[in-house]
Every structure is written in structure tokens, then in C-alpha cells.
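Structure at a glance
The chain contents come next:
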Amino acid sequence: MLTTEEKECFMREAIKEAKKAGAKLEVPIGAVVVLNGEIIGRGHNRREESHDATTHAEMLAIQEANQTVKNWRLEDAQLFVTLEPCPMCSGAMILSRVKELYYGAPDPKGGTAGTLMNLLADERFNHQVEIEKAILEQECGALLTDFFKALRQRKKAEKAARKAAALQESTDGTDKEKEG
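As the structure is a prediction and not an experimental result, all values here were calculated from the model. (Residues numbered from 1 in each chain as written. Predicted model: local features only at pLDDT ≥ 70, side-chain atom pairs only at ≥ 80, totals over all residues. Heavy atoms only, no water.)

What follows is about the overall build of the protein chain. Per the secondary structure count, the protein chain includes five helices and five strands. Seen in sequence order, the protein chain has helices and strands lined up from the N terminus as α-β-β-α-α-β-α-β-β-α. Against the compact-globule benchmark of 16 Å for 180 residues, the protein chain has a radius of gyration of 21 Å, which places it well outside the compact range. Each principal axis of the C-alpha distribution contributes one length, and for the protein chain these read about 80 × 30 × 30 Å. Working note: accessible area of the protein chain is about 10,600 Å², and carbon and sulfur atoms make up 52% of it. (Helix = DSSP H or I, 4+ residues; strand = E, 2+ residues; numbered from the N terminus. Rg over C-alpha atoms; globule rule 2.2 N^0.38 Å. Areas by Shrake-Rupley, 256 points an atom, 1.4 Å probe, with all protein chains shown as cover.)

Here it is, written out as C-alpha cells:
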């Protein structure tokens with residue numbers, strides 16, 4: 001059983017990964033896979049960069065962990081992720097036999113570790129994942145809130161710049177007509 005300090009330490013590593021994604025203008029979600037107290041896989045969202053919908057933080061962290069242990073099974077591993085996993089990532093945890101999931105912020109639009117549904121506890125699957133939520137929830141949630149706020153501001157500024165450029169273009173055309 002992990003201590004509160006260990007859980008927070010590993011979640012801070014996932015937050016570092018999330019910040020890497022945010023720096024690339026990717027949705028700031030980060031994940032780490034831990035085995036025997038050591039990080040064996042890291043990942044952050046790379047969908048925009050890779051043009052691949054499957055390059056979620058959890059998927060990349062699981063893939064790296066699989067390569068590290070040279071096995072598709074991660075039976076005694078814990079996965080730490082800043083946002084509640086989606087159906088694809090929950091499926092990957094089930095298939096790779098991750099033992100425990102620790103996540104920061106809930107995902108009301110796509111979370112499948114208890115918010116919309118709980119794929120990880122569904123006994124119809126051949127494996128279930130233990131879940132603990134709200135690890136550094138405020139910090140994890142703020143990463144997303146701040147990112148989307150800045151994104152909206154960027155889009156608003158870009159729209160205003162396009163509008164100003166179009167207005168300038170039309171004004172330039174009117175000036176030329178007056179000269180001619």
C-alpha cells in the first residue's frame with residue numbers, strides 16, 4: 001500500500017508530464033506507470049503532434065512500461081494520471097493488467113473510472129483495476145482549466161486579428177478605387 005506522500009510524489013511526476021504536453025499546446029494530461037516504487041513508463045498527450053487519436057498520456061506510459069519490463073502484463077503496476085481515463089485508456093489498463101489507478105481530476109465528459117461509468121470495476125471483464133481518485137485534484141484540474149482558458153483567449157485574439165486584417169484589406173481596396 002502506497003503512502004499519501006508516495007501517491008502525491010508520483011502524481012507530481014504525472015503533472016510534470018502534463019506540463020510537457022501543455023508546452024506543446026497539447027491538452028495537458030500526463031501519466032506515469034510505477035512498479036516496485038520506480039517509474040517504468042512516462043507519457044503525455046501527443047495527439048496534435050502525432051496526428052494520432054490514440055496517443056493519450058496513459059497509452060504512451062503503458063507502452064513505455066511494457067518495453068521496460070519486456071512484457072505486455074503490468075500486473076503489479078500502478079498508473080498515475082492527471083485526468084480520469086477515457087474508455088480507450090481504461091481498456092488498455094484492463095488489457096495490460098494494471099493493478100491500481102490513481103487519478104487527479106474527474107472527467108465529466110469522458111471518464112470511465114467512475115464518473116460516466118466504471119469500466120475498470122466491471123466484473124464482466126477478466127481483470128479489474130483498483131481505483132483511487134482525487135490525488136492532487138485541484139492542481140490537476142487547474143492545469144486543464146488554465147489551458148482551456150488560454151486556448152479560448154488565443155482563439156479570440158486570432159479571430160480579432162483576422163477581422164482587423166479583413167477590414168484593412170477592404171479599406172485598402174476602397175482607397176485604391178478613390179485614387180483611380
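Here the narrative resumes, following the displayed structure.
An ideal rise of 1.5 Å per residue puts 18 Å on 13 residues; helix α3 (residues 57-69) measures up with 18 Å between its terminal C-alpha atoms. Taken as a whole, α3 has its buried residues at Ala57, Glu58, Met59, Leu60, Ala61, Ile62, Ala65 and Asn66. (Expected span 1.5 Å × (residues − 1). Buried < 20%, exposed > 50% of the residue type's maximum accessible area, 1.4 Å probe, protein only.)

End to end, helix α1 (residues 4-23) covers 28 Å across 20 residues, agreeing with the expected 28 Å (1.5 Å per residue, within 8%). Downstream of α1 by a residue or two, Leu25 has a phi angle that is positive, lying close to 65 degrees.

Evaluated as defined, the whole model comprises nine salt bridges. The partner of Arg12 in a salt bridge is Glu139, with the nearest N and O atoms 2.9 Å apart. Here Arg12 is found in helix α1, whereas its partner Glu139 is found in helix α5 (residues 137-179), with 127 residues between them in sequence. The exposure class of Arg12 is partly exposed, given its relative accessible area of 38%. On the basis of relative accessibility, which here comes to 33%, the residue Glu139 falls in the partly exposed class. The shortest N-O distance in the salt bridge between Arg46 and Glu49 comes to 3.2 Å. For Arg46, a relative accessible area of 29% translates into the label partly exposed. Taken together, the shared-partner salt bridges in this structure form one network comprising Glu13, Lys16, Glu17, Lys20 and Arg42. (Salt bridge = Lys/Arg side-chain N within 4 Å of Asp/Glu carboxyl O.)

In this structure, Met11, Val33, Leu74, Leu79, Phe80, Met93 and Leu101 are the most contacted members of the largest nonpolar core, which totals 44 residues. Broken down by secondary-structure element, the contributors of at least two residues to this core are α1, β1 (30-35), α3, β3 (78-83), α4 (87-96), β4 (100-105) and α5. Contact partners of Met11, with chain neighbours within four places excluded, come to Phe80, Val81, Thr82, Tyr102, Tyr103, Gly104, Ile135, Leu136 and Cys140. (Core = buried A, V, L, I, M, F, W, Y, C linked by side-chain atoms within 4.5 Å. Contact = heavy atoms within 4.5 Å.)

Let's shift gears to the UniProt feature "active site" (unreviewed entry) in the protein chain. On the UniProt side, "active site" (unreviewed entry) is annotated at positions that read Glu58 here. Tracing the backbone through its elements, the reader meets Glu58 in helix α3. Filtering out sequence-adjacent residues up to four positions away, Glu58 remains in contact with Ala31, Leu79, Val81, Leu83, Pro85 and Cys89. (UniProt positions renumbered as here; feature names shortened; annotations may be inferred.)

Of note, His44 is situated in strand β2 (residues 38-44). On the accessibility criterion, His44 (11% relative accessible area) is buried. A polar atom in the side chain of His44 sits 3.0 Å from the side chain of Glu17. (Polar contact = N/O pair within 3.5 Å; in protein donor to acceptor, adjacent residues only side chain to side chain.)

This paragraph deals with the packing of aromatic side chains. This structure, assessed with the given rule, holds three aromatic pairs. Seen from their ring centres, Phe10 and Phe80 are 5.4 Å apart, and the 45 degrees between their planes marks the pair as tilted. One end of the pair, Phe10, is in helix α1; the other, Phe80, is in strand β3, with 70 residues separating them in the sequence. Given a relative accessible area of 9%, Phe10 falls into the buried group. Relative accessible area serves as the criterion here: at 0%, Phe80 is assigned to the buried category. Clustering of aromatic rings is evident, with ring pairs tying together Phe10, Phe80 and Tyr102. (Phe/Tyr/Trp six-rings, centres within 6.5 Å; stacked < 30°, edge-to-face > 60°.)

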